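What follows is the residue order along each chain.
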Amino acid sequence: SLPPMMGATVSGQLAAPEGREERIMDDDGNSIVVRFPFEPTLETYDFLKDYLEFRIARLRRTSQAKISDDEAN
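Now for a look at the structure at hand. Each chain carries its own residue numbering, running from 1 in the written order of its sequence. The predicted nature of this model means local features are confined to residues of pLDDT at least 70 and side-chain atom pairs, given and counted, to a pLDDT of 80 or more, with totals for whole chains, interfaces and linings taken over all residues. Only hydrogens and water are removed before side-chain values are computed, so all heavy atoms of the structure are retained for them.

### Description of the overall build of the chain
Put simply, DSSP marks the helices as runs of H or I at least four residues long and the strands as runs of E at least two long, and each gets a number from the N terminus on. Counting its regular elements, the chain contains one helix and three strands. Secondary structure elements of the chain, listed N to C terminal, follow the sequence β-β-β-α. The accessible surface values rely on the Shrake-Rupley method and a 1.4 Å probe; as for residues, cover is taken only from the protein chains in view. In the form shown here, the chain has an accessible surface area of approximately 6000 Å², with 57% of it arising from carbon and sulfur atoms.

Shown next, in the form of structure tokens:
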């Protein structure tokens, strides 16, 4: 299963004979479900990690640009 984020819990269960579903729950009770159509491999989790790191970097750049724009006005 995915390593827990700060304050999050992760549970995994088979969704189908060849698939898997993992649910990540944070302290506020928000749930994220990741469904794999196959049993995930190390490469699957590496891809997911890289994707999440890319999305985080983009959100940080967007947030910083908005802050800079707000300060300029």
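### Some thoughts on the side chain of Thr-44
When you line up the elements, Thr-44 lands in helix H1 (residues 42-72). Each residue's exposure class comes from its accessible area (1.4 Å probe, protein chains only) as a fraction of the maximum for that residue type: buried when under 20%, exposed when over 50%, partly exposed otherwise. A relative accessible area of 15% places Thr-44 in the buried class. Here, two residues are considered to be in contact whenever any of their heavy atoms come within 4.5 Å of each other. Aside from chain neighbours lying at most four places away, what touches Thr-44 is Phe-36 and Phe-38.

### Topic: the packing of aromatic side chains
Here the distance between the centres and the angle between the planes together describe a pair of aromatic rings. Note on aromatic contacts: the rings of Phe and Tyr and the six-membered ring of Trp form a pair at centre separations within 6.5 Å, being stacked when their planes are under 30 degrees apart, edge-to-face when over 60 apart, and tilted otherwise. All chains considered together, the criterion is met by two aromatic pairs. A centroid spacing of 6.4 Å and a plane angle of 55 degrees characterise the contact between Phe-36 and Phe-38, whose relative ring orientation is tilted. Of the residues examined, Phe-36 reaches a relative accessible area of 10% and is grouped as buried. Aromatic pair Phe-36 and Tyr-45: ring centres 5.8 Å apart, planes at 70 degrees, arrangement edge-to-face. Among the aromatic residues, those joined into a cluster by ring pairs are Phe-36, Phe-38 and Tyr-45.

### Here we look at the pattern of salt bridges
Here a salt bridge means any side-chain nitrogen of Lys or Arg lying within 4 Å of a carboxyl oxygen belonging to Asp or Glu. Under the definition given, this model contains five salt bridges. The closest approach of N and O atoms between Glu-21 and Arg-23, which form a salt bridge, is 3.6 Å. Classification of Glu-21 by relative accessible area gives buried; the value is 11%. For Asp-50, the salt bridge is made with Lys-49, and the minimal N-O distance between the two is 3.7 Å. Through salt bridges with shared partners, a single ionic network connects Arg-20, Glu-22 and Glu-39.

### Structural notes on the side chain of Arg-20
Within the secondary structure layout, Arg-20 lies in strand S2 (residues 19-25). Side-chain atoms alone can form a polar contact between residues adjacent in sequence; in general such a contact is a pair of N or O atoms within 3.5 Å, and within protein one must be able to donate a hydrogen while the other accepts it. For Arg-20, the side chain forms a polar contact with the side chain of Glu-22, separated by 3.0 Å.

Geometric values such as these leave the question of function open.
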